[in-house]
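Reading the structure
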Amino acid sequence: MNNFLRKSELLLGVIAFGVLSLTAMFLFPMYGRTSDELPFFGPIFRIGGSIIIFAGIMTLRWLKINLKRVLFYLFILGMVGLQILYLVTFKLNLTTDIGYVFTQAERLASGNNTWLHYFVIYPNNLNIAVFWAVIFKAFTSLGFTNHLVVIPAFQLIMLDLALVFLAVSAEKYRTNLGKWTIVIGLAYFPLTMYTMFVYNDLISVALLMISMGILLRSLAVGISQKRIIGLTAVALFFLIMAVMIRNNLVVVLIAMLSMILISSRFKWISKVLLVITAITFYTAGSFGSDALHNRFEYHPV
């Protein structure tokens with residue numbers, strides 16, 4: 001039964017990955033107002049780029065171990081260099097929603113708790129403005145007042161640190177899995193491009209990576225049930241933090257809880273304790289979020 005569940009999970013994962021990959025290759029959001037405007041990259045470019053990346057990864061497998069190690073570190077250095085180049089070349093564009101969120105965060109960070117009417121209409125972006133207000137205050141106290149630079153730099157640092165943590169956890173789980181995690185994570189450059197947005201997608205992704213990394217550590221062979229519960233509870237904590245920032249990640253939380261309930265790795269009492277823990281964390285997060293709203297005097301009319 002356990003083998004069947006593992007094979008089913010693997011098959012579903014492969015199918016989901018295939019569907020997402022094909023969707024990313026052939027579909028793109030229509031940002032323009034007319035159908036005459038071209039997408040950022042068309043399907044042919046995406047397919048070609050995917051083939052080149054796949055061919056490059058497969059080539060690494062055929063090279064000698066020492067050369068692979070050198071190329072691996074050169075790749076890491078090159079991708080980090082590209083990230084820095086991207087931050088230096090591009091800047092935050094304060095238009096529409098981004099402008100409202102940034103302006104409100106600046107107001108809150110400077111002590112002006114007057115809320116824009118935008119957040120009465122779109123309260124889903126409320127926690128984002130509060131989050132950046134707290135970050136702006138912290139950086140201002142350190143002498144960094146150019147918050148247009150703070151947003152992409154802070155998000156990129158969070159992303160890379162979370163990716164490294166996930167890679168280290170993956171390496172502990174299975175040899176060489178960590179290296180592939182780093183390669184794939186850095187090669188997926190759209191993540192870096194999201195540093196120019198204030199919607200906290202990258203912060204949520206970073207917290208999700210940390211949560212997944214801790215969950216991987218709980219899968220180690222030979223650890224006690226008590227340690228499994230502890231690590232999984234910490235993973236739930238970071239995931240619920242991500243949910244508090246971006247509510248749409250609640251689907252991942254539901255998926256993790258479902259995994260806990262159907263997995264044979266957890267005893268029934270452990271499952272009950274973890275579900276209660278998740279509910280407690282979520283409730284505490286909701287009260288904490290409301291307390292922050294009151295702290296910044298958010299009172300929708």
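Here the structure is shown first, and the text comes after it.
Note that this is a predicted model, so its numbers are computed, not measured.

Details of empty space enclosed by the protein
Once rolled over the atoms, a probe with the size of a water molecule shows which space is left empty. Evaluation of the coordinates by the stated rule reveals one cavity of 30 Å³ or more. Gln83, Leu159, Asp160, Leu163, Gly185, Leu186, Tyr188, Leu191, Thr192 and Met209 together form the lining of the largest cavity. Among the elements of the structure, helix 7 (147-173), helix 8 (177-187) and helix 9 (190-193) are those that each provide at least two residues to the lining of the largest cavity. No other element matches the three residues that helix 7 contributes to the lining of the largest cavity. Residues belonging to the lining of the largest cavity are distributed by class as follows: six nonpolar, three polar and one charged.

Some details on the nonpolar core
In this structure, Trp115, Phe119, Trp132, Phe136 and Leu236 are the most contacted members of the largest nonpolar core, which totals 70 residues. The biggest single contributor to this core is helix 11 (residues 225-245), with eleven residues. If near-sequence neighbours (up to four positions away) are discounted, tryptophan 115 is found in contact with Gln104, Arg107, Leu108, Leu126, Ala129, Val130, Phe296, Glu297 and Tyr298.

Concerning the layout of surface pockets
Estimates place the volume of the second largest pocket at around 380 Å³. Those elements that provide at least two residues to the lining of the second largest pocket are helix 6 (126-141), helix 11 and helix 13 (268-295). Looking at the lining of the second largest pocket residue by residue, the class counts come to twelve nonpolar, five polar and no charged.

Thresholds applied
- Residues numbered from 1 in each chain as written.
- Predicted model: local features only at pLDDT ≥ 70, side-chain atom pairs only at ≥ 80, totals over all residues.
- Heavy atoms only, no water.
- 1 Å grid on protein atoms, 1.4 Å probe; cavity = no way out; pocket = protein on both sides within 12 Å on 5 of 7 lines; lining within 4 Å.
- Points joined across faces, edges and corners; volume = space filled by probe spheres on them.
- Helix = DSSP H or I, 4+ residues; strand = E, 2+ residues; numbered from the N terminus.
- Nonpolar A, V, L, I, M, F, W, Y, C, P; charged D, E, K, R; others polar.
- Core = buried A, V, L, I, M, F, W, Y, C linked by side-chain atoms within 4.5 Å.
- Buried < 20%, exposed > 50% of the residue type's maximum accessible area, 1.4 Å probe, protein only.
- Contact = heavy atoms within 4.5 Å.

Shape is all these values report; function is a separate question.
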